[in-house]
Amino acid sequence: MVSLVILMRYSRVSSPESSDLYISSTAVFSMELLKFIICTFYIFSSTNYSLSHTSQLFKDNLINSPKEVLKLSVPSFLYALQNNLLYLALSNLDSASYQVIYQSKILTTALFSVFMLGKKLTVRKWFALFILLFGVILAQTSKSQDTHAKDLDVEDQKKNKLVGTFCVLCAACTSGFSGVYFEMILKGSPKVSLWIRNIQMGLPSLILSLISSLVYDYTPITSYGFFHGYTKLVVLVIVVQAGGGLLVALVVKYADNVMKVFAASFSIVVNAAVSWFFFGFKPDLRFCVGTICVCFSIVVYSGAGGKKKRTVLPLNKVEEREEKRSLINDKNS
């Protein structure tokens, strides 16, 4: 969480000339391609490296399941849009403010869960959401900035912060809707593994991200090349983003949301510290209070203190248990 935001921010502001800057839409496509390759390799390894078994799985879950792929094209499009918005946000907003404001996705996820899944929120959770909203507003209205922003005049600073904040809030909305929609699909067919779902969602994401990059950045791509501006840093951003997306899914699947919540709170604080060291970020009192409110609201919303510690099985045990459960369900059917 920390390294991705810091690396993305640095990759967007480190180039002295705008013409040397890489095309963010191509980076989104490269990230989606890498995720697809990782998921494919995992499925291939889970079949004891059997090409016939792997191809049969792909045939059953892609070619013979067009409705499932079509359903997953909705979050695929939104995730592709979200990733492009995040690049644009970090081109205009310091990483610490981005990290705090982006936590508003908890609010959007909660609201979509109420309307789409019919979930009921407790008074404690509504209180936490109110504190979260208050903290995000404080962080957004603060005068904190990093060294890059200081090089701009006052009007450009205001414009950049407004554009960056708008992109983050839009990304939070797409994140909330996509997450709830994906949860509906996962619960609707529990027999399908997370890796297969990633493949089903990854294929439309690949196609959509490629189309969007060619439509919106056709001129720079044809003029400079698809991989123009790619450096070791840009490649590292793509690798971290692809691996991080899968890592978050694994944390939720094999651990729990409480661990993910504490990681999010911890990353906000670390991000501010790292931004101060690398970007000369200087938070004001309003930003600090807003950050504290956001971290407090995340912990309160998760109800981390009231949950019992659950036993976390190793990956191979979990896979074995799910495979046995799937076989039992098939026999019953």
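Residues numbered from 1 in each chain as written. Predicted model: local features only at pLDDT ≥ 70, side-chain atom pairs only at ≥ 80, totals over all residues. Heavy atoms only, no water.

A word on the overall build of the protein chain. A count of helical and extended segments in the protein chain gives 15 helices and zero strands. Looking at the protein chain as a whole, 44% of its 333 residues are labelled buried. Across the protein chain, every contact between residues at least 6 apart in sequence was considered, and the portion connecting residues at least 24 apart equals 84%. Looking at the protein chain as shown, the accessible area adds up to about 18,000 Å², and 67% of this sits on carbon and sulfur atoms. (Helix = DSSP H or I, 4+ residues; strand = E, 2+ residues; numbered from the N terminus. Buried < 20%, exposed > 50% of the residue type's maximum accessible area, 1.4 Å probe, protein only. Contact = heavy atoms within 4.5 Å. Areas by Shrake-Rupley, 256 points an atom, 1.4 Å probe, with all protein chains shown as cover.)

This part covers the packing of helix H7 (residues 123-141) against helix H14 (residues 285-302). Remark: H7 packs on H14, axes separated minimally by 7 Å, with the N-to-C direction vectors making an angle of 155°. Comparing their axes, H14 and H7 come out roughly antiparallel. Handedness of the H7/H14 crossing: left-handed. Residues of the contact of H7 with H14, tallied by class, amount to 16 nonpolar, four polar and three charged. (Axes fitted to C-alpha atoms, helices over the stretch in contact; angles between N-to-C directions. Parallel < 35°, antiparallel > 145°, perpendicular 65-115°, else oblique. Left-handed = near helix turned anticlockwise from the far one by under 90°. Nonpolar A, V, L, I, M, F, W, Y, C, P; charged D, E, K, R; others polar.)

On the surface, Leu203, Ile207, Ile211, Val215 and Tyr216 cluster together into a nonpolar patch covering about 530 Å² of accessible area. Tracing the backbone shows Tyr216 in helix H10 (residues 194-216). The exposed category is assigned to Tyr216, whose relative accessible area is 70%. (Patch = residues over 30% accessible without salt bridge, like charges linked within 9 Å, V, L, I, M, F, W, Y side chains within 5 Å. Salt bridge = Lys/Arg side-chain N within 4 Å of Asp/Glu carboxyl O.)

A word on the side chain of Ser267. By the secondary structure assignment, Ser267 is in helix H13 (residues 257-279). We classify Ser267 as buried; its relative accessible area is 3%.

Here the UniProt-annotated "transmembrane region" (unreviewed entry) positions come out as residues 21-44, 100-118, 125-142, 162-182, 203-227, 233-254, 261-279 and 285-304. Taken end to end, residues 100-118 has its terminal C-alpha atoms 28 Å apart, with 74% of it in helix and 0% in strand. (UniProt positions renumbered as here; feature names shortened; annotations may be inferred.)

Structurally, Asn61 can be placed in helix H3 (residues 51-63). Asn61 has contacts with Val69, Ile196 and Gln200, leaving out every residue within four places of it along the chain.

Once that is clear, we can look at H14. Given a rise of 1.5 Å per residue, 18 residues ought to cover 26 Å, and the 26 Å separating the end C-alpha atoms of H14 matches this to within 8%. All of the buried residues in H14 are Phe287, Gly290, Thr291, Cys293, Val294, Cys295, Ser297, Ile298, Val300, Tyr301 and Ser302. Looking one or two residues past H14, Gly303 carries a phi angle of roughly 65°, positive in sign. (Expected span 1.5 Å × (residues − 1).)

Two aromatic rings, taken as a pair, are described by how far apart their centres are and by the angle between their planes. For the structure on display, the rule yields 11 aromatic pairs. On the numbers, 6.4 Å between centres and 80° between planes, the contact of Tyr22 with Tyr230 is edge-to-face. In this pair, Tyr22 is assigned in the loop between helix H1 (2-13) and helix H2 (24-46) and Tyr230 in the loop between helix H11 (218-224) and helix H12 (232-254), connecting sequence segments 208 residues apart. Judged by its relative accessible area of 3%, Tyr22 falls in the buried class. With a centroid separation of 5.4 Å and 75° between ring planes, the pair formed by Phe112 and Phe177 is classed as edge-to-face. Of the two residues, Phe112 is situated in helix H6 (residues 105-116) and Phe177 in helix H9 (residues 154-188); the sequence distance between them amounts to 65 residues. A relative accessible area of 25% places Phe177 in the partly exposed class. Aromatic rings pair up to connect Tyr22, Phe29, Tyr87, Phe226, Phe227 and Tyr230 into one cluster. The aromatic ring of Tyr22 is capped on one face by Arg12, whose charged end is 4.8 Å from the ring centroid. A cation sits over an aromatic face here: Lys125 above Tyr301, 5.0 Å from the ring centre. (Phe/Tyr/Trp six-rings, centres within 6.5 Å; stacked < 30°, edge-to-face > 60°. Lys NZ or Arg CZ within 6 Å of the ring centre and 35° of its normal.)

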